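Here is what each chain is made of, one letter per residue.
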Amino acid sequence: MPLYKEDNFLIISPGSESTYFSFGLKDTLSPPQFRIPTVVYQDQTSNEYFSTKVSEDNANTSTDADTSASASASANASASANVNSNTDTNATFSINSTRKEIWPIRDSKIVDLDAFNALLRIILSSVIKQHPILTINQIPMLLIAPSLTWSKRQVEYITKYVFEKLEITAFNVVDLSLAATFSIGGGTVNTTVVHVSENNTQIVPVIGYQAIRFSGLYIKDAGENIIIEEFKQTSNREDLSTLQIKDLLHSGVFEFLHEGQETFHNKRIDKTTDGKDDEEFDVAKTVVNTDGAEEADDANIKNNRDLENNYFIDSRTKEKITVGKERFVSTSKLVDIVTKGIYDTLLGIDDLDRRQDCYDNIILVGSVFQIPGFKLQVITKLMQDYLVTEPPTEKQNGNTDAAVNAAIARYQQSDDFVDDANNAHLLLSLSQVPNNISLAKFPDYFPEWKKPKALGGSWQDVYFLGGEIYAKQIFSGGSHHHNKELFVGSDMYEERGPQSIWDVTI
């Protein structure tokens, strides 16, 4: 089996609204190079798939020979926007078009497999067009898949298409939760990965580099959409469209404020205290340190709390839109949903030491976690509701009878509680987890992931970093490691068919 050059690695991470991909790994691994909308257009006459919607005249003059070329060229144009930008890559098209718009992924689930496969073809065609001296058999492909929403049949169908239609010679699929865990490094094998997307949340514990899907939790209609709807209801900004609100959320000027944090509107005359007690300060410090985020250097973001009004850029018109104090919020229902989901998910881990490990290494991914203050809201709420602390002593509160361990109270109210004196030791043991809650510490040796500094880096997409690390492990050497295949190759596919993908996935 020939070696594959890192310059030719193709890594793709599809989402409901946007698909991230990179072609070629840099010396220092970096965030995904391109972001394109997860949409294709099917010609209603020929049933061919394209990356753009064109006028009826153009569609009627297209030939089968032109399909791949037009698809690749348009895909490359769509992919020209950097992944860190908020540019909307959708365009305005002729009303005479005969091409039907299809979004193959909804709620993180593949709803149209043929359209999804066409998206893979469009991406590959754009790569080949930009690198004409390359042949397809030189390009290994790695697909980053969500943990809970793609079926085995769908993955096998994709594998069949990749080998029989795209003629890829090296292919593998990696679970998003595992990829996020790989990114941490340092021997961390037990984590909790929380992936919040546009309108759903997936929470999956990882034990010993194995995603524990039976304990995982998929929560529909619980994502960034909740924050958007809350803003619409409370801001009185009817002049802002949904897309503009999304631009605001990811501009760096929309912010979740923790208790005790001051803004222009609530600064107190008395400056003898800073409004934070020791516990609150420690929680905030934990989040900042584990993020590896550096101090923001963009003026309108860094000084956001000191300004009465600030602005964000409309991604479509490039105009500045002014916002006032409505850009500050104190909480969201999404915080409660995520924290309760984490607790409920980890109850399925019976091994208490491993359960504690999962609480010690929580990985939060998804663009919503780039909103300033949102991570802090989640970790603080987790600590307030579920962290096990020692009961107050008589010396501390003068009332021993009133000293109740909150964790025991919660456990007694759960369905798993057994009112049996013989199980008292079990109750006592369970009540001690979690005794610590923290975010996983990201590595310091990937400088590209610390950009943009004003938004604390690109760690919300850290699972892509894990995908890059995994790709280097499996594609850079031979096809075997300790008598285990690392990816599906052409020979292996011919022998075992689409089911061979399960022989190489972790």
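Residues numbered from 1 in each chain as written. Predicted model: local features only at pLDDT ≥ 70, side-chain atom pairs only at ≥ 80, totals over all residues. Heavy atoms only, no water.

So what's going on with the pattern of salt bridges? Residues and values would help.
Applying the stated criterion to the full structure yields 16 salt bridges. For Lys-472, the salt bridge is made with Glu-6, and the minimal N-O distance between the two is 2.8 Å. Here the residue Lys-472 occupies a position in helix α16 (residues 462-475), and Glu-6 occupies one in the segment before β1 (10-14), the gap between them amounting to 466 residues. In this structure, Arg-237 engages Asp-239 in a salt bridge whose closest nitrogen and oxygen atoms are separated by 2.9 Å. With a relative accessible area of 17%, Arg-237 lands in the buried category. One network of salt bridges, with partners in common, ties together Arg-237, Asp-239 and Glu-326. (Salt bridge = Lys/Arg side-chain N within 4 Å of Asp/Glu carboxyl O. Helix = DSSP H or I, 4+ residues; strand = E, 2+ residues; numbered from the N terminus. Buried < 20%, exposed > 50% of the residue type's maximum accessible area, 1.4 Å probe, protein only.)

Explain the packing of aromatic side chains to me, and be specific about the residues and the numbers.
For the structure on display, the rule yields 18 aromatic pairs. Note on Phe-9 and Phe-475: the rings are 5.5 Å apart at their centroids and 65° apart in plane angle, and the pair reads as edge-to-face. Taken together, the residues Phe-9 in the segment before β1 and Phe-475 in helix α16 connect sequence positions 466 residues apart. On the accessibility criterion, Phe-9 (1% relative accessible area) is buried. Overall, the relative accessible area of 1% leaves Phe-475 in the buried class. (Phe/Tyr/Trp six-rings, centres within 6.5 Å; stacked < 30°, edge-to-face > 60°.)

If you had to explain helix α12 (residues 374-386) to someone new, which residues and values would you point to?
Helix length check: α12 (13 residues) gives 18 Å between terminal C-alpha atoms against 18 Å at 1.5 Å per residue, within 8%. Within α12, 10 of the 13 residues are buried, which leaves it mostly tucked inside the rest of the structure. (Expected span 1.5 Å × (residues − 1).)

Outline the sheet that holds strand β6 (residues 99-102), supporting the account with residue identities and numerical values.
Spatial ordering of the open sheet is given by β5-β4-β6, a layout of 3 strands whose pairing is antiparallel. Strands with a single pairing partner mark the edges of an open sheet, and in this sheet they are β5 (49-50) and β6. Where strand β4 (residues 40-43) and β5 come together, 2 bridges link them in antiparallel fashion. Bridge pairing in β5 links Tyr-41 to Phe-50. (Pairing = 2+ DSSP bridges.)

Before we move on, can you summarise the packing of helix α10 (residues 333-346) against helix α11 (residues 352-360) with the specific residues and values?
When two helices pack together, their arrangement is given by the angle between the helix axes and by the axis-to-axis distance. In the contact formed by α10 and α11, the axes pass within 10 Å of each other and the chain directions differ by 160°. Accordingly, the angle class assigned to the pair α10 and α11 is roughly antiparallel. Of the two elements, α10 crosses α11, and the hand of that crossing is right-handed. Packed against α10, whose contacting residues are Ile-342, Tyr-343 and Leu-346, the element α11 presents Arg-355, Cys-358 and Tyr-359 at the interface. Here the contact of α10 with α11 is composed, by residue class, of 5 nonpolar, no polar and 1 charged. (Axes fitted to C-alpha atoms, helices over the stretch in contact; angles between N-to-C directions. Parallel < 35°, antiparallel > 145°, perpendicular 65-115°, else oblique. Left-handed = near helix turned anticlockwise from the far one by under 90°. Contact = heavy atoms within 4.5 Å. Nonpolar A, V, L, I, M, F, W, Y, C, P; charged D, E, K, R; others polar.)

Describe in detail the packing of α10 against α12, supporting the description with residues and values.
Where α10 meets α12, the axes come as close as 9 Å, and the angle between the chain directions of the two elements is 55°. Considering their axes alone, α10 and α12 lie oblique with respect to each other. For the element pair α10 and α12, the recorded crossing hand is right-handed. For the pair α10 and α12, contact is made by Leu-334, Val-335, Asp-336, Val-338, Thr-339, Lys-340, Ile-342 and Tyr-343 and by Phe-374, Gln-377, Val-378, Lys-381, Leu-382 and Tyr-386, respectively. Looking at the contact of α10 with α12, its residues break down into 9 nonpolar, 2 polar and 3 charged.

Which residues make up the sheet that holds strand β9 (residues 141-145), and what values go with them?
Pairing within the open sheet is mixed, and its 6 strands lie in the order β3-β2-β1-β9-β10-β22. A strand with exactly one partner marks an edge of an open sheet, and here the two such strands are β3 (34-37) and β22 (488-489). Note: β1 against β9, 3 bridges, orientation parallel. By the bridge assignment for β9, Leu-10 is matched with Met-141. Where helix α3 (residues 113-130) meets the sheet, it contacts β1, β2 (18-23), β3 and β9, and its direction lies at approximately 145° from that of β1.

Lay out the nonpolar core in plain terms, naming residues and giving numbers.
Membership of the largest hydrophobic core comes to 46 residues, with the highest contact counts inside it found for Val-194, Ile-227 and Phe-374. Top element by residues in this core is α12. It accounts for 7 residues. For Val-194, the contacting residues outside a window of four places in its chain are Thr-201, Gln-202, Ile-203, Val-338, Ile-342, Ile-362, Ile-363, Leu-364, Val-365 and Phe-369. If you look at the next biggest cluster of nonpolar residues, it comprises 40 residues, including Tyr-49, Ile-139, Trp-150 and Phe-171. (Core = buried A, V, L, I, M, F, W, Y, C linked by side-chain atoms within 4.5 Å.)

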